[in-house]
Amino acid sequence: MLSFFLRIMRQRSGGSSYVCVQLLQTLNILFENIRNETSLYYLLSNNHVNSIIVHKFDFSDEEVMAYYISFLKTLSLKLNAHTIHFFYNEHTNDFPLYTEAIKFFNHPESMVRIAVRTLTLNVYRVDDSSMLAFIRDRTAAPYFSNIVWFIGKHIQELDSCVRNDADHQSQNRLSDLVAEHLDHLHYLNDILCLNITDLNHVLTDHLLHKLLIPLYIYSLSLNRKKPSATDVACDAVGRFPVTSRGSQNSSPKSHDVTNGKVSSVVALFLLSQVFLILSHSPLVQSLAWIILKTDRSVFEKGVDKLLEHYEREKERRALEEEVPSDVCCGEEVSDGETNLNITDEEKERMATGPVEGAATLVDHPFLETVYDAIDCTENDYAALFALSLLYAMANNSGVTSDTTEQVLKPKKSFISKSSSLSKDVRYTYNTYLADKILQIIIFSCQPSCRVRLVTLELALKLFVQLAVCDGKNILLESHKSTIETAKTQSLALLRNFYKSEEIFLDMFEHEYCDMSKGSLNVEWLCMDSAILLPPTGTPMTGIDFIKRLPCGEVERARRAIRVYFLIRNLVLTLTGEVETQLPLTNPQCCVQIDQALDLSIPRYNSDLIACTVVWKDGTKMRRFLVIDILQLILVEPDTKRLGWGVAKLVGFLQDIEVTGDKDDSRCLHITIHRPISGATTNRVPLLNAKFVFDDNIRCMAAKQRLTKGRIKARQKKMQHIARLLEIPGQSGPPSPAFAGQGAFSGGRPSRACRPSLLGGPRAGPGLAAPRREGSPGVLHRADEARRRGGGESPSRLTSLRRENEPSVGKKEIRSRDNSSTRGRSREGSPRMPRPRSEEIPLELMKKAPNSIIDMAPKIAIMPRPHTPRTVIEAEPSTSSENQNPKENTLVTSISEETSFIAEETDKEAVESL
């Protein structure tokens, strides 16, 4: 049948293409579904399949091209040590399946290119020495040479797109070019990871001589005195041309690649991708050594001389490693020397490269370019790619530690003591690079800096690798002080945005949850083509927030929060401490769904309200509403235990919205939003239902408790944030709970209103305020500050008006003060009665009298006045001038506590006059 198929394909009729499509589709389905090896052998015998492969199809027909390349890929999936002989003819030295497929390696259609790469990898995986020798001798050099050439041509297009798209108008084109370059690198890495020695040697040689060094690395050099040396090295990229079937470029031209180098920014970006993807040690080790160690004198001689110099250095290091370790230890620095106090000759001998000083960097042009790019004085455009390259080199498994030590990672050395046989451990690190990174950190803490969050986070990741070795912080004292300065500046930056509005708390928790999902993935970062364009500050480009500059006040606040979190995490990492203050809500202390609750304890039964929950679909359920400190809980009675309930729905009070029903005073519409747990801003409500209570009194009580609970829950978290930000003089913002409570809704009440709050215009000392049980002498600090400074007033208009009021009854007040012995009452006593929203919580009142009440920082235990009094002078109903001394005394024996409260009440009445 295969012979008949082949004969039909060779017919020259007008509709032959339709027949070829049908036959290729049939063969593809046939080979794809064969499971029996005997049947497969029958189909592959007589060489008919190879004849079909080399048939001259009309590849201008896209349908024919698609089915043909799919047929070849299906055949490659059937290759193994037994079937390879049906395709590779050792006697004729022919391998049509492979040779015909690689002609389409640069086809315009991406599906075709991917199929070719898959086919070649399937071929390379077959363990057959004769077949691999054929590929090495006949096709490896031409095929790899053309791959390198087309990658170089592709890089030129990418660089041109970056240069001409400063306004972010061609992001789709740039994204396609970056994705194609990533595909090339992953394909090369797949070949190298097969560990076929002969193929790896050929491929590595082509990559180093024709692509990575002349085009990628040499683009980093700032002063190319002899550009012809690199141009000559690039002239060979057009060698070994292979006729490409189905491609417009039949023979590559060498002058297309050698017209110029790419920009240093693009070169840094591409090299970062190389070190993040490729891990073949002979390849990445040579690239890392050339970037970090190359002298300018060797660089100017060209690629070939540069690689020869690297081979000599590698042989010399191999000889040094054979020297016994005890001989080397005798040459260590003494205890009195500084960390980097070694001569240039020792640096060269130890092959640690330049670590600090501009004079040393002049001799290393590539490393000098990378260090100069880290400068963020104007912006962080190039700094992001320089940091990415350094991080990728430091974490590449193929780069040996002797290359990165003292440059990208700390160096650990042992120092022998003359008095004993023990040895001290000494750590040294690259202080020059550390200074550069610390400069970025300091810049990031400034209000008007142009450093993106992603640059700061990457700089911190690299800095931690420099500063921590064996779990120890090895920073110098100067660098430690710089970190403390950055911490102080980050706190000051965030304090500027600290407000009592709800949006700040939501942003704070949102950013923390977003950062808690995981640290920055540098490999994913370098897959984003958007970072290749100049930094922008508008969100209209669709670029992620951390990869662009902030826009508007809200995004500046988000950035300040992120900077604070990053610096805080750095400090905790360097000190070896564990985060104990964040997140603001501890999930372990919260009630979970289906958790059994003892409703008899005061924590739950004090606010237990029965209600009927009506869902949107009309479903009704009878529940009990429990309002905890931070949560709203819907409880269903437990059928097994009396007085217990099971939590069926749990939501945070800070995320609720409560509205009344205009038609029914017994109903409330409650919406509970889901807790912030990711980067999404669309929070689907956890609950959106109508709550029907037994009467309007219970409905009003539930609404009041929910509203106050929401305010207190948010205030508690804001106070926690205030403590984290070390805001001086307060533990949190003024509580919104004091606003909107009857006569206090507009701030402090006027003087004319105060007597009515005390029970009358002339309240006497006998009308003392009710005594507080279990908390004698307890005074809220926040209340005292508010009463002294009027912190709850929304504006200063009221206070200014009071200052301008005429002095009414000053003489009367002065005479009363002179005639009274109450002038020794404590200063700063309350000027108004304490509203119920400020009362001590119920759970604290119910504690034992001897128990310690921990309400800091909102409550302070003040000493009780030490003025013993048993006789209280009653205040007359007339002016002080008409007082009767005999009627001025009320012989009443009361406690010191009542006396103290009466003093406050009396003084309040005096001030109201």
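Residues numbered from 1 in each chain as written. Predicted model: local features only at pLDDT ≥ 70, side-chain atom pairs only at ≥ 80, totals over all residues. Heavy atoms only, no water.

Asker: Help me out: how do you make sense of the overall build of the protein chain in this one?
Answerer: The number of helices and strands found in the protein chain is 36 helices and 16 strands. Evaluated residue by residue, the protein chain yields a buried proportion of 48% over its 913 residues. Considering only contacts within the protein chain whose residues lie at least 6 apart along the sequence, 72% involve residues at least 24 apart. Approximately 45,200 Å² of the protein chain is accessible, and the part contributed by carbon and sulfur atoms is 51%. (Helix = DSSP H or I, 4+ residues; strand = E, 2+ residues; numbered from the N terminus. Buried < 20%, exposed > 50% of the residue type's maximum accessible area, 1.4 Å probe, protein only. Contact = heavy atoms within 4.5 Å. Areas by Shrake-Rupley, 256 points an atom, 1.4 Å probe, with all protein chains shown as cover.)

Asker: Can you help me understand unusual backbone geometry in this one?
Answerer: Keep in mind that most residues, glycine aside, have a negative phi and that most peptide bonds are trans. Note the cis peptide between Leu582 and Pro583, where omega equals 0 degrees. Positionally, Pro583 belongs in the loop between helix H28 (552–575) and strand E5 (596–598). Of note in the backbone geometry, Asn93 takes a positive phi value of approximately 55 degrees without being a glycine. Mapping Asn93 onto the fold places it in the loop between helix H6 (84–87) and helix H7 (96–101).

Asker: Hey, could you run me through the packing of helix H10 (residues 171–193) against helix H11 (residues 197–217) in this one?
Answerer: To characterise two packed helices, one gives the angle between the axes of the helices and the distance between these axes. The geometry of H10 relative to H11 is characterised by a closest axis approach of 11 Å and an angle of 150 degrees between their N-to-C directions. Relative to H11, the element H10 lies roughly antiparallel. The two elements H10 and H11 meet at a crossing, and its hand is left-handed. Contact residues: His181, Leu188, Ile191 and Leu192 in H10; Asn200, Leu203, Thr204, Leu207 and Tyr216 in H11. The residue inventory of the contact of H10 with H11, partitioned by class, reads six nonpolar, three polar and no charged. (Axes fitted to C-alpha atoms, helices over the stretch in contact; angles between N-to-C directions. Parallel < 35°, antiparallel > 145°, perpendicular 65-115°, else oblique. Left-handed = near helix turned anticlockwise from the far one by under 90°. Nonpolar A, V, L, I, M, F, W, Y, C, P; charged D, E, K, R; others polar.)

Asker: It is not clear to me how the confidence of the model for the protein chain should be interpreted in this structure. Could you clarify?
Answerer: In regions of low pLDDT, the predicted coordinates are not meant to be interpreted in detail. In the predicted model, the protein chain carries a mean pLDDT of 76, and 68% of its residues have values of at least 70. Every residue in residues 731–840 scores below 50 in pLDDT, and together they form 183 contacts with partners more than four places removed in sequence or on other chains. (pLDDT = per-residue confidence, 0-100.)

Asker: What's the story with the sheet that holds strand E11 (residues 667–673) in this structure? I'm lost.
Answerer: Sheets are built from strands that pair by backbone hydrogen bonding, the pairs being arranged parallel or antiparallel. With antiparallel pairing, eight strands are arranged side by side in an open sheet as E5-E9-E8-E7-E6-E12-E11-E10. Looking at the sheet topology across the chains shown, the edges are occupied by E5 and strand E10 (656–660). With strand direction ignored, the average angle separating the axes of adjacent strands in the sheet is 40 degrees. Where E5 meets strand E9 (residues 644–652), three bridges bridge the pair, whose relative direction is antiparallel. By the bridge assignment for E9, Asp598 is matched with Trp644. (Pairing = 2+ DSSP bridges.)

Asker: I tried to follow the side chain of Thr428 on my own but got confused; where do I start?
Answerer: Here Thr428 lies in strand E2 (residues 423–428). The exposure class of Thr428 is buried, given its relative accessible area of 7%. A distance of 2.6 Å separates polar atoms of two side chains, one belonging to Thr428 and the other to Gln406. (Polar contact = N/O pair within 3.5 Å; in protein donor to acceptor, adjacent residues only side chain to side chain.)

Asker: Explanation requested: the pattern of salt bridges in the structure shown.
Answerer: One side chain can pair with another of opposite charge once the charged atoms of both are near each other. Taken as a whole, this structure holds 31 salt bridges when the rule is applied. Arg562 is paired through a salt bridge with Glu511; the nearest N and O atoms lie 2.5 Å apart. Here Arg562 is found in helix H28, whereas its partner Glu511 is found in helix H26 (residues 502–516), with 51 residues between them in sequence. The residues Arg562 and Glu511 share a single accessibility class, namely buried. The closest approach of N and O atoms between Arg556 and Glu553, which form a salt bridge, is 3.6 Å. Taken together, the residues Arg556 and Glu553, both in helix H28 and three residues apart, mark about one turn of the helix. The network of salt bridges with shared partners includes Glu511, Asp514, Lys517, Arg558 and Arg562. (Salt bridge = Lys/Arg side-chain N within 4 Å of Asp/Glu carboxyl O.)

Asker: Got a minute to help me understand the environment of Val522 in this structure?
Answerer: Relative to the elements of secondary structure, Val522 occurs in helix H27 (residues 522–525). Judged by its relative accessible area of 4%, Val522 falls in the buried class. Along the primary structure Val522 and Leu389 are separated by 133 residues, whereas in three dimensions their C-alpha atoms are 9.8 Å apart. Filtering out sequence-adjacent residues up to four positions away, Val522 remains in contact with Leu276, Tyr391, Leu458 and Lys461.

Asker: For this particular structure, what's the right way to read helix H13 (residues 264–277)?
Answerer: Helical periodicity: at 3.6 residues per turn, an α-helix aligns residues three or four positions apart in one direction. For H13, with 14 residues, the first-to-last C-alpha span of 20 Å sits near the 20 Å given by 1.5 Å per residue. H13 sits mainly inside the fold: 12 of its 14 residues count as buried. Turning to H13, its buried residues number three or more, namely Val265, Val266, Ala267, Leu268, Phe269, Leu270, Leu271, Ser272, Gln273, Val274, Phe275 and Ile277. (Expected span 1.5 Å × (residues − 1).)

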